[in-house]
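Single-letter residue listing:
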Amino acid sequence: MNKVILMGRLTKDPEVRYSQAAEPLAVTRYTLAVDRRFKRQGEPEADFINCVSFGKAGEFAGKYFKKGQMVSIVGRIQVRSWDDQNGQKRWSTDIVVEEQYFAESKASFESRNMNQAPVQPTAPVMPPSTPSTNDGFYPIDESIEDDDLPF
């Protein structure tokens, strides 16, 4: 099975190109900066993963995805190899995007881009029945231990 799920921030605006076939196909490339869960001193805090999407998905990414935006993707790993102009063997590992999603609200992205902090909830924890003012998400009570969960 070859399945990848990633969430990270775009390092730059996606680059859209079109194939030279009879019916041109959009080929969009972008790079996601995905934070590492465990960070060691002297090592990078994120991995930079190359992604490519095709067709309508590629056109969508080129039109709506912007540098710094948090996105989530589902895809598969593809490894390519070729010989460069000097006869050296070159390798490239990309994620071929099958699904892509916005992972933050437009308001949150825009407020962060204007150097403003996104709106944070005033109460530390709100029960699920109470509507949240934080982009439709509910804060999580971090004090709950695994033994307290019903599943």
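Preceding this section is the structure that the text describes.
Here we summarise the structure given alongside this text.

1. Examining helix H1 (residues 55–64)
Buried within H1 are the following residues: Gly 55, Gly 58 and Ala 61. Mapping the buried residues of H1 onto a view down its axis gives an arc of 115 degrees, with all of them on the same face. In H1, the exposed positions that point more than 90 degrees away from the buried face belong to Lys 56 and Lys 63. Those residues of H1 that are buried lie in contact with strand S2 (15–18), strand S3 (26–35), strand S4 (46–54) and strand S6 (89–102).

2. Details of the pairing of strand S5 (residues 70–83)
In the sheet, strand S1 (residues 4–10) pairs with S5 via 6 bridges, with the strands oriented antiparallel. Looking at S5, one finds that Ile 5 is bridged to Val 74. Pairing between S5 and S6: 13 bridges, direction antiparallel. Pairing of Ile 73 across the sheet is with Gln 100, part of S6. Hairpin connection between S5 and S6: a loop of 5 residues separates the two successive antiparallel strands, and Gly 87 in this loop has a positive phi of roughly 80 degrees.

3. Considerations on helix H2 (residues 106–113)
If you check which residues of H2 are buried, you get Ser 108, Phe 109 and Ser 111. Along the long axis of H2, the arc covered by the buried residues comes to 170 degrees, so they all point the same way.

4. Observations concerning the side chain of Ser 92
Position of Ser 92 relative to the elements: it lies in strand S6. Residue classification places Ser 92 among the buried residues on the basis of a relative accessible area of 13%. Excluding its chain neighbours within four sequence positions, the residues that come into contact with Ser 92 are Gln 78, Val 79, Arg 80 and Trp 82.

5. Points about the side chain of Ser 53
In this fold, Ser 53 is placed in strand S4. For Ser 53, a relative accessible area of 0% puts it in the buried group. Non-local contacts of Ser 53, meaning those with residues more than four positions away in its chain, are made with Ala 26, Val 27, Thr 28, Tyr 30, Gly 58, Ala 61, Val 97 and Gln 100.

6. Section: a nonpolar patch on the surface
Together, Phe 60, Tyr 64 and Phe 102 make up a nonpolar patch on the protein surface, roughly 280 Å² of accessible area in all. Residue placement: Phe 102 occurs in strand S6.

7. Some thoughts on the packing of aromatic side chains
The description of two aromatic rings rests on the distance between their centres and on the angle between their planes. Under the defined criterion, the tally for this structure stands at 5 aromatic pairs. With a centroid separation of 5.5 Å and 75 degrees between ring planes, the pair formed by Phe 65 and Phe 102 is classed as edge-to-face. Of this pair, Phe 65 sits in the loop between H1 and S5 while Phe 102 sits in strand S6, and the two are 37 residues apart along the sequence. Given the relative accessible area of 0%, Phe 65 is considered buried. Counting every residue linked through ring pairs, the aromatic cluster contains Tyr 30, Phe 60, Tyr 64, Phe 65 and Phe 102.

8. Topic: the environment of Arg 80
With respect to the helices and strands, the residue Arg 80 is situated in strand S5. Taking the relative accessible area as the measure of exposure, Arg 80 reaches 33% and is therefore partly exposed. Every residue in contact with Arg 80, bar those within four places of it in the chain, is listed here: Arg 29, Arg 90, Trp 91, Ser 92 and Asp 94.

Cut-offs and rules
Residues numbered from 1 in each chain as written. Predicted model: local features only at pLDDT ≥ 70, side-chain atom pairs only at ≥ 80, totals over all residues. Heavy atoms only, no water. Buried < 20%, exposed > 50% of the residue type's maximum accessible area, 1.4 Å probe, protein only. Helix = DSSP H or I, 4+ residues; strand = E, 2+ residues; numbered from the N terminus. Arc of directions from axis to C-beta. Contact = heavy atoms within 4.5 Å. Pairing = 2+ DSSP bridges. Patch = residues over 30% accessible without salt bridge, like charges linked within 9 Å, V, L, I, M, F, W, Y side chains within 5 Å. Areas by Shrake-Rupley, 256 points an atom, 1.4 Å probe, with all protein chains shown as cover. Salt bridge = Lys/Arg side-chain N within 4 Å of Asp/Glu carboxyl O. Phe/Tyr/Trp six-rings, centres within 6.5 Å; stacked < 30°, edge-to-face > 60°.

Don't take any of this as a statement about function, it's just geometry.
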